[in-house]
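For reference, the chains in residue letters:
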Amino acid sequence: MYSGNPLIFEPLPVKRVWGGGKLNAYGKVIPYGTSVGELWEVVDRREAQSVVRYGLLKGETLNALWQGHREEIFGAHLVNSPSPRFPILCKLLDVRECLSVQVHPPERVAKALNGESKTEVWYFLETTSGAKVYAGLKKGTSKRSFELLLAMGHIEEALHKLPVETGNSLFIPSGRLHAARGGVIVEIQQNSDTTFRLYDWDRRGLDGLPRRLHIHESLASINFLDFEPRLQPSGQAVIASCPFFHVDFLEIARPMQAHYEKKFSIYVVVKGSISCGGSSFTAGQFFFVPAQASEISILPIVRGSCVLKTTLP
């Protein structure tokens, strides 16, 4: 059934009012004039499914593989996982304009708010001049002072703002306020699509109407003790490690095995180009190495090529 090559899924484009046209430069087919903000690269949700693009498994959905070929594709350690869906979601974001100031609910409040908990990490694949992130609160900000600034429309005064450069990364646990502007981002996250929008810069959506805000839900989700988190500088070996995913940064200086245990790995090229299983991949391109393909090799095509490798801890 399985040929031993990496799986390549068809990306799913999602229009966003803040999106741009940069993803065409990463080998993506984006219709001219379409404001695509997100490409869902690896996803197993009821409303969105990754589908294998090539090979013997062409046309198979990620959920069909998760339900029917779990040991072979994902690894024996996940055979007894109670999750009905593959637990990681991978995206590519084009944040031409600033994202809304938003927060994802922690586990302790998610169900009561009719949402799903979400922790994620951003890796900045490309940044433009003036690129920035908002992450957490400025020191000394109390819940009361925050709510007063929000009511006056001055929420930016409470937010911790940082310039961001290519290669930086930001870990975003549930409960952390965040936003970003000016670049292309690799996003690795829990399999959740719950985002509470607190402030949206007084703009209108693609339909011309003001976008819905979630004030009550956001205030219930924010960690008001989350002060001035730091960006992680480029070149760090571990991009993120948490109960929901583990992300390593690897420079492919010479041929290497895709993984050394029979457990799946998701790769995305972040610099240069590499070859794996007879296919070549350039920056921004994802591929999935199944558990049974543990001996498959990844080779650099150009010097200095780098990837992010995502696994379950």
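Data block above holds the structure.
What counts and what doesn't
Residues numbered from 1 in each chain as written. Predicted model: local features only at pLDDT ≥ 70, side-chain atom pairs only at ≥ 80, totals over all residues. Heavy atoms only, no water. Helix = DSSP H or I, 4+ residues; strand = E, 2+ residues; numbered from the N terminus. Rg over C-alpha atoms; globule rule 2.2 N^0.38 Å. Buried < 20%, exposed > 50% of the residue type's maximum accessible area, 1.4 Å probe, protein only. Contact = heavy atoms within 4.5 Å. Phe/Tyr/Trp six-rings, centres within 6.5 Å; stacked < 30°, edge-to-face > 60°. Salt bridge = Lys/Arg side-chain N within 4 Å of Asp/Glu carboxyl O. Core = buried A, V, L, I, M, F, W, Y, C linked by side-chain atoms within 4.5 Å. Pairing = 2+ DSSP bridges. Axes fitted to C-alpha atoms, helices over the stretch in contact; angles between N-to-C directions.

1. So, the overall build of the protein chain
Turning to step 1, where the next piece is worked out: The number of helices and strands found in the protein chain is five helices and 20 strands.
Turning to step 2, where the next piece is worked out: Relative to the compact-globule value of 20 Å for 313 residues, the protein chain shows a C-alpha radius of gyration of 20 Å, a close match.
Turning to step 3, where the next piece is worked out: Expressed as lengths along the three principal axes of its C-alpha atoms, the size of the protein chain is roughly 60 × 40 × 35 Å.
Turning to step 4, where the next piece is worked out: Counting every position in the protein chain, which comprises 313 residues, the buried fraction comes to 56%.
Turning to step 5, where the next piece is worked out: Taking the intrachain contacts of the protein chain between residues at least 6 apart in sequence as the baseline, contacts between residues at least 24 apart amount to 75%.

2. A short note on the packing of aromatic side chains
Turning to step 1, where the next piece is worked out: Applying the stated criterion to the full structure yields 16 aromatic pairs.
Turning to step 2, where the next piece is worked out: Geometrically, the ring pair formed by W66 and F74 is edge-to-face, given 5.0 Å between the ring centres and 80° between the ring planes.
Turning to step 3, where the next piece is worked out: When its relative accessible area of 0% is taken as the criterion, W66 is described as buried.
Turning to step 4, where the next piece is worked out: On the basis of relative accessibility, which here comes to 0%, the residue F74 falls in the buried class.
Turning to step 5, where the next piece is worked out: Measuring from ring centre to ring centre gives 5.4 Å for F264 and F288, while their planes differ by 10°; the resulting arrangement is stacked. Here the residue F264 occupies a position in the loop between β14 (256-257) and β15 (265-271), and F288 occupies one in strand β18 (residues 286-289), the gap between them amounting to 24 residues. As far as burial versus exposure is concerned, F264 and F288 are alike and both buried.
Turning to step 6, where the next piece is worked out: By way of ring pairs, the aromatic residues F9, W66, F74, F86, F264 and F288 are connected into one cluster.

3. Quick notes on the pattern of salt bridges
Turning to step 1, where the next piece is worked out: Summed over all chains, the structure comprises 17 salt bridges.
Turning to step 2, where the next piece is worked out: Close ionic contact of E126 with K22 constitutes a salt bridge, the shortest N to O distance being 2.9 Å. Of this pair, E126 sits in strand β7 (residues 120-137) while K22 is found in the loop between β1 (12-20) and β2 (36-42), placing the two residues 104 residues apart along the sequence.
Turning to step 3, where the next piece is worked out: A residue is classified by how much of its surface remains accessible, and K22, at 32% relative accessible area, is partly exposed.
Turning to step 4, where the next piece is worked out: Residue R203 is joined to E97 by a salt bridge in which the shortest nitrogen-to-oxygen separation is 3.8 Å. Taken together, the residues span a long stretch of sequence, with R203 in the loop between β11 (196-199) and α5 (215-221) and E97 in the loop between β5 (88-95) and β6 (101-103) at a distance of 106 residues.
Turning to step 5, where the next piece is worked out: Residue E97 is classed as partly exposed on the basis of its relative accessible area, which comes to 31%.
Turning to step 6, where the next piece is worked out: Counted as one network, the salt bridges with shared partners bring together R96, E97, D200, R203 and R211.

4. Re the environment of L93
Turning to step 1, where the next piece is worked out: With respect to the element layout, L93 can be found in strand β5.
Turning to step 2, where the next piece is worked out: In this structure L93 comes out as buried when scored by relative accessible area, which is 2%.

5. Structural notes on the nonpolar core
Side chains that are nonpolar tend, in soluble globular proteins, to be buried together.
Turning to step 1, where the next piece is worked out: Residues F74, F86, V186, F264, F288 and L308 are the most contacted members of the largest nonpolar core, which totals 42 residues.
Turning to step 2, where the next piece is worked out: Setting aside anything within four residues of it in sequence, one finds F74 in contact with L62, L65, W66, H69, F86, K263, F264, F288 and A291.
Turning to step 3, where the next piece is worked out: F124, L137, F146 and L149 belong to the second-largest nonpolar core, a separate cluster that totals 38 residues.

6. Re the sheet that holds strand β13 (residues 245-251)
Turning to step 1, where the next piece is worked out: As summarised here, the arrangement of the five strands in space is β12-β13-β20-β15-β18, forming an open sheet in which the pairing is antiparallel. Two strands bound the open sheet, and with one partner strand each, they are β12 (238-242) and β18. The average undirected angle you get between the axes of adjacent strands in this sheet is 25°.
Turning to step 2, where the next piece is worked out: Where β12 lies against β13, four bridges are found, and the strand directions are antiparallel. Residue pairing in the sheet places A240 in a bridge with V247 of β13.

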